[in-house]
Amino acid sequence: MEEYLRKNFDVEAKRPSEEALRRWRSAVSVVKNPRRRFRMVADLAKRAEAEKKRRKSQELRVALYVQKAALHFIEACNVVEHKLSEEVSQAGFAIEPDELASIVRAHDIKGLEQHGGVEGFAGKVRVSVDDGVSSGKIPLRQKIYGFNRYVEKPPRTFWKFVWDALQDLTLIILMVCAVVSIGVGIATEGWPKGTYDGLGIILSIFLVVMVTAISDYKQSLQFNDLDKEKKKIFIQVTREGSRQKVSIYDLVVGDIVHLSIGDQVPADGVFISGYSLSIDESSLTGESEPVNVNKDRPFLLSGTKVQDGSGKMLVTSVGMRTEWGRLMVTLSEGGEDETPLQVKLNGVATIIGKIGLAFAVLTFLVLTARFLVEKALRNEIKDWSSSDALKLLDYFAIAVTIIVVAVPEGLPLAVTLSLAFAMKKLMNDKALVRHLSACETMGSANCICTDKTGTLTTNHMVVTKLWICEQTKVINNNDSEDVLKSSISERLLSILLQSIFQNTCSEVVKGKDGKTNILGSPTETALLEFGLHLGRDYNVLRWESKIVKVEPFNSVKKKMSVLVALPDGGYRAYCKGASEIILKMCGKIVNVNGETVPLPEEQREKITNVINGFACESLRTLCMAFKDTKDTSNVDSTPDDDYTLVAVIGIKDPVRPGVKEAVKTCLAAGITVRMVTGDNINTAKAIAKECGILTDDGLAIEGQEFRNKSPQEMKEIIPKLQVMARSLPLDKHTLVTQLRNSSKEVVAVTGDGTNDAPALHESDIGLAMGIAGTEVAKENADVIILDDNFATIVNVVRWGRAVYINIQKFVQFQLTVNIVALMINFASACISGSAPLTAVQLLWVNMIMDTLGALALATEPPNDGLMSRPSIGRNVNFISRTMWRNIIGQSIYQLTVLAVLEFDGKRLLKLTGSDATSILNTFIFNSFVFCQVFNEINSRDMQKINVFQGIFHNWIFIAVMVATVTFQIIIVEFLGTFASTVPLSWELWLASILIGSVSLLVAVVLKCIPVEQAKNATAKHHDGYDALPSGPDLA
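Just so it is clear, the structure is predicted and the values come from calculations on it, not from any experiment.

A. Molecular detail of the overall build of the chain. A tally of regular secondary structure across the chain gives 39 helices and 26 strands. Dimensions of the chain, computed from C-alpha atoms along their principal axes, come out at roughly 120 × 80 × 50 Å. Within the chain, the proportion of its 1035 residues that are buried is 55%. Summarising the internal contacts of the chain: among those between residues at least 6 apart in sequence, 72% fall at separations of at least 24.

B. A look at the UniProt feature "domain: Cation-transporting P-type ATPase N-terminal" (unreviewed entry) in the chain. Taking the numbering used here, the UniProt-annotated feature "domain: Cation-transporting P-type ATPase N-terminal" (unreviewed entry) corresponds to residues 112-186. Taken as a whole, residues 112-186 contains 60% helix and 0% strand, while its terminal C-alpha atoms sit 82 Å from one another.

C. Representation of unusual backbone geometry in the model. A positive phi angle, near 55°, is found at Glu240, a position not held by glycine. Mapped onto the elements of the fold, Glu240 is located in the loop between β1 (234-239) and β2 (242-247). We classify Glu240 as partly exposed; its relative accessible area is 43%. In this structure, Arg726 is a non-glycine residue whose phi angle is positive, near 45°. When you line up the elements, Arg726 lands in the loop between β23 (721-725) and α30 (729-741). Classification of Arg726 as buried rests on a relative accessible area of 11%.

D. Highlighting the pairing of strand β7 (residues 305-317). Across the 13 residues of β7, 10 count as buried, placing the element largely inside the fold. In this structure, strand β3 (residues 256-259) lies alongside β7, joined through four bridges in antiparallel fashion. The residue bridging His258 from the neighbouring strand is Lys312, located in β7. Sheet analysis places strand β4 (residues 268-280) next to β7, joined by 10 bridges and oriented antiparallel. Following the sheet pairing, Asp280 is matched in β7 by Lys305.

E. Structural detail: a nonpolar patch on the surface. Together, Ile172, Val176 and Val180 give the surface a local cluster of nonpolar side chains, amounting to about 220 Å² of exposed area. With respect to the helices and strands, Val176 occurs in helix α12 (residues 169-189). Look at Val176 and you get partly exposed, because its relative accessible area is 48%.

F. Molecular detail of the sheet that holds strand β22 (residues 699-702). Read across the sheet, eight strands follow the order β8-β26-β25-β24-β9-β21-β23-β22 without closing on themselves; strand pairing throughout is mixed. In the strand order of this sheet, the two ends are held by β8 (431-433) and β22, each with one partner. Ignoring strand direction, the axes of neighbouring strands in this sheet form an average angle of 20°. Examined bridge by bridge, strand β21 (residues 672-676) and β23 share two bridges and lie parallel to one another. Looking at β23, one finds that Val676 is bridged to Met724.

G. How the structure looks around the packing of helix α11 (residues 158-165) against helix α13 (residues 196-230). Running from N to C, α11 and α13 point in directions that differ by 130°, and their axes come no closer than 8 Å. One way to sum up the angle between α11 and α13 is to call them oblique. The way α11 lies across α13 gives a crossing that is right-handed. Along its contact with α11, which presents Phe158, Phe161, Val162 and Ala165, the element α13 presents Val209, Met210, Thr212, Ala213, Ile214, Asp216, Tyr217 and Ser220. Its residues placed into classes, the contact of α11 with α13 shows nine nonpolar, two polar and one charged.

H. Quick peek at the UniProt feature "transmembrane region" (unreviewed entry) in the chain. In the numbering used here, UniProt assigns the feature "transmembrane region" (unreviewed entry) to residues 169-188, 194-214, 351-373, 393-422, 819-844, 916-934, 955-976 and 988-1006. For the annotated span residues 351-373, helix accounts for 100% and strand for 0% of the residues, and the straight-line distance between the end C-alpha atoms is 33 Å. Across residues 988-1006, helical content stands at 100% and strand content at 0%; the span's end C-alpha atoms are separated by 27 Å.

I. Spatial organisation of the nonpolar core. Core analysis: the biggest nonpolar cluster contains 172 residues, and Leu174, Ile765, Phe790, Ile807 and Val811 have the highest contact counts within it. The greatest single-element share of this core, amounting to 22 residues, is contributed by helix α33 (residues 790-831). Sequence-distant contacts of Ile765, defined by excluding residues within four places in its chain, comprise Ala438, Thr441, Met442, Ala445, Val746, Val747, Ala748, Val749, Asp782 and Val783.

J. Just the side chain of Thr922, in detail. Position of Thr922 among the secondary structure elements: in helix α36 (residues 916-938). Taking relative accessible area as the criterion, Thr922 reaches 0% and is therefore assigned buried. One polar contact links the side chain of Thr922 to the main-chain amide nitrogen of Val982, over a distance of 3.1 Å. When neighbours within four sequence positions are excluded, Thr922 is seen to be in contact with Val972, Ser980, Thr981, Val982 and Leu984.

K. Representation of helix α9 (residues 117-124). All buried positions along α9 are accounted for by Gly117, Val118, Gly120, Phe121 and Ala122. Downstream of α9 by a residue or two, Arg126 has a phi angle that is positive, lying close to 55°.

L. Quick peek at the environment of Cys449. Tracing the sequence through the fold places Cys449 in strand β9 (residues 447-450). The contact partners of Cys449, leaving out residues within four places of it in the chain, are Arg674, Val676, Leu735, Leu739, Val747, Ala748, Val749 and Thr750.

M. Molecular detail of the packing of aromatic side chains. Tallied over the full model, the rule gives 10 aromatic pairs. Residues Tyr804 and Phe878 carry aromatic rings whose centres are separated by 5.5 Å and whose planes lie at 80° to one another, so their mutual orientation is edge-to-face. With a gap of 74 residues between them, Tyr804 in helix α33 and Phe878 in the loop between α34 (839-857) and α35 (881-909) connect regions that are remote in the sequence. Each member of the pair, Tyr804 as well as Phe878, carries the same accessibility label: buried. Ring centres 6.1 Å apart and planes at 85° place the aromatic pair Phe930 and Trp989 in the edge-to-face group. On the criterion of sequence distance, the pair formed by Phe930 in helix α36 and Trp989 in helix α39 (residues 986-1007) is long-range, its members being 59 residues apart.

N. Up close: the side chain of Ser561. Tracing the backbone shows Ser561 in strand β15 (residues 559-565). On the accessibility criterion, Ser561 (1% relative accessible area) is buried.

O. Molecular detail of the environment of Lys53. Secondary-structure assignment places Lys53 in helix α4 (residues 44-66). Lys53 sits in the partly exposed class, given a relative accessible area of 39%.

P. Seen up close, the pattern of salt bridges. Counted according to the given criterion, the structure contains 27 salt bridges. Where Arg239 meets Asp255, a salt bridge forms, and the shortest distance between an N and an O atom there is 2.7 Å. Residue Arg239 is located in strand β1, and its partner Asp255 is located in the loop between β2 and β3; the two are separated by 16 residues in the primary sequence. Here Arg239 matches Asp255 in class, with each residue buried. A salt bridge links Asp388 to Lys375; its shortest N-O distance comes to 2.9 Å. With Asp388 in helix α17 (residues 386-406) and Lys375 in helix α16 (residues 340-377), this pair connects stretches of sequence that are 13 residues apart. With respect to burial, Asp388 and Lys375 carry one shared label: buried. A single salt-bridge network, built from bridges that share partners, covers Asp451, Lys732 and Asp756.

Q. Region of the structure containing the confidence of the model for the chain. On average, residues of the chain carry a pLDDT of 83, and 92% of them reach 70 or more. A low-confidence stretch, residues 1014-1035 stays under pLDDT 50, and its non-local contacts, those more than four residues away or across chains, total 31 contacts.

R. Quick peek at the environment of Ile398. You can see Ile398 is positioned in helix α17. Residues Ile398 and Gln841 lie 443 residues apart in sequence; the distance between their C-alpha atoms is 10.0 Å.

S. Spotlight on α35. At Phe903, α35 shows its strongest bend, of approximately 75°. A positive backbone phi angle near 55° is found at Lys910, which sits one or two residues after α35.

Calculation notes
- Residues numbered from 1 in each chain as written.
- Predicted model: local features only at pLDDT ≥ 70, side-chain atom pairs only at ≥ 80, totals over all residues.
- Heavy atoms only, no water.
- Helix = DSSP H or I, 4+ residues; strand = E, 2+ residues; numbered from the N terminus.
- Buried < 20%, exposed > 50% of the residue type's maximum accessible area, 1.4 Å probe, protein only.
- Contact = heavy atoms within 4.5 Å.
- UniProt positions renumbered as here; feature names shortened; annotations may be inferred.
- Pairing = 2+ DSSP bridges.
- Patch = residues over 30% accessible without salt bridge, like charges linked within 9 Å, V, L, I, M, F, W, Y side chains within 5 Å.
- Areas by Shrake-Rupley, 256 points an atom, 1.4 Å probe, with all protein chains shown as cover.
- Salt bridge = Lys/Arg side-chain N within 4 Å of Asp/Glu carboxyl O.
- Axes fitted to C-alpha atoms, helices over the stretch in contact; angles between N-to-C directions.
- Parallel < 35°, antiparallel > 145°, perpendicular 65-115°, else oblique.
- Left-handed = near helix turned anticlockwise from the far one by under 90°.
- Nonpolar A, V, L, I, M, F, W, Y, C, P; charged D, E, K, R; others polar.
- Core = buried A, V, L, I, M, F, W, Y, C linked by side-chain atoms within 4.5 Å.
- Polar contact = N/O pair within 3.5 Å; in protein donor to acceptor, adjacent residues only side chain to side chain.
- Phe/Tyr/Trp six-rings, centres within 6.5 Å; stacked < 30°, edge-to-face > 60°.
- pLDDT = per-residue confidence, 0-100.
- Bend = angle between axes of the 7 residues up to and from the residue.

Structure below.
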């Protein structure tokens, strides 16, 4: 079976090939209800159509860029007049929405100039580029210029799920059989007795359809809620003169949006101001080369990404008036790729379905053949009555119902149910799963490559130490001004403050409440807070010199530079960043009086020791430097050498509470945790030791040393590698590639920056940070960690393992029911000529094992034991030896008991009288159901004996058990007319329950039989099997 599944039903968790997707679709057969079975499967035809539209759109946009001059000439000859409508005019605006949208979309620079440029646009949409829109006018703007939403398909109603459930071919056949049965029954037995069998089937079908539809509808609501969460993007805007965060959906034409590296451009607009703004337009044009946006090329398009720099834009069109909005309508129709487990279980369902179909046909042929032989022996082969027809119809209904039970349509859908449940729980635990397959794959992860800042640490940074003029100062914000003023000159203090306030991408703004807020990264915030505590006015120092050039910080350069024009002429470059990198760029240093003096080698070594000393105290270290220049020939770039060192700053970023325990949990679960950080190696080692990541025999290495090694050398050191410091994004990508390809590990990677996107994309599971992460990182991730906490990542692993194990439990349970139901009906048909379980009874059993079974077992929450076993790994057999042991053992027990009852039950139970057969059949049905009830409890743990542990923590399981038993009592005691049952005495009820409960004892015996081969040779017994758990482990 596993070989067949690997050949036909094996797909990659991330970016599966279209060939693999088509292969498994063509291999699927014996599908009762394609609409329901493939509801959560990608529509390849619609996806191809959407891709075709995207390519066409890209080609048109490329043609627009290439033939700009020709288009401008054509437009000049065919100027489209946009008359101002009365509605727009009365609202107080001076430009039509369509005209505004077309100018930006067509990159019509002449059209922009005709309207007076950016200032002209702002005036016509009644907004100030400094103060932004007024909140009170937002509804009016939305009415005239539209909402920033694209048209989405309305959610499916409950009745559509009912209709989908009714598309089941076997149920349709059974409904036809029921109608025929009612017609023939009335003709032979009269009203109402002749209708009972048919009505019983119809009522059972109604119950199956309603339970199925309710379950599917609930799942759909959960996925809709999660889909809304995925699309939540918050952006920085200026409204009413103050900076604030708003949802992308609340954006309106006229909004002033602030863009920085990694942001998604939220709407079409024009550039107001900024520095080195570089935009990736590949999502619209297919061109990988970034576009530089400035005053000469001011157009920004929705859906593109900020690759570098920062800027402000004026929103000119939103929602469906943007090209991205129109494109998203088609892109959202293809659906998400199916997960590997969904595909694999479609394969399992196909195999079992074929077997079930064969048994159903054989059962019908055997029953029909026996019936015909008996008629022939009685010489009645030519005498046919309506009761004979009814009997054949009953045989056919039983055969069809066997197919209903035997084709496990619920297997692939149980994966969806389990994933929906896990994703909802993870959302409550601060993890947003973007791709379904990530939930599964995370359970197999055996390596986590994590960032340091914000993931292992709190990301709440504070300047605690400062080295300046050969003095180390301990900083306490309450008295930092007095400490520095008493030891350094006013001139040097002024240089330090200018280095902080002028060389920053952050802003100090007043909130609506009048309080001072700092907007920017945690490192920048710590520096600005330190500067403000020194008692200086940010705005005065920030704008006393004109900023000419800004080179924002990124993880490759590991520094930020700014070039300013000095009031008295000349230029000054400020630079800050990774301590050792900035120190290498410095040839001078400022003394206590603020004068520039040469930097001798002995002092350079002392400063290096200071940096290492700060780093060993777990401090993040930065150097600040400046350089004066009179050269005006090259103001488009900042200098790279001959800087003057100002200070070394130590920033404290404490380890998050609970991280050490989370790392310990990972190690116990067989998951290696590796820290990959851009920080100083000594800082990284100190934090790694504090977290429990770096051990005595572990290796800490710098990115440069790692990248200079050959692939073979990398392969040799990676098993011991625990910390990589001063790493570039490319180093992280290389490490992930090596771990996946050479070590065959299932790798989870965290990332927050734009440059982390390749590593997130390459990894098995990309984990983006929700707070510190850019939109580019989030888009390339599979899971977004909303609180940036490492402990949340461990929780995702725990749920990933739970999903995998839960599906295994459900498959084990369902296959046991399949085997027993098939064999008992077939054997009975061959031997006695009748089936002990009627169509109505089989439909009820199908519901127990399908929808209700999935609800009970696929929603089991994770337990602590999941993190004390090794990870699942790649390419393992989904149906394990342990599962086969339990399935075969329980099937043998149930078949033995039911066979004994079927062929010798009357004698054993001492049943006599005319209703003995009815009582026996009811008792067999009751015993069979209770065997499934207790086997469902057995399936809660496939290996441990104590299956009751934590049972009351899962209220869904308890509810399903109670509902199953309650409805079983109702069917037997009160619905006998429709279900072909008779009421049982309390002794027979007790006997049924006892027969079912014996399966608990059978499970204990089975679990003492060792079957799984040990993965670790040292843990093997002499016979090659794992050592059996004992004592508390067994329980």
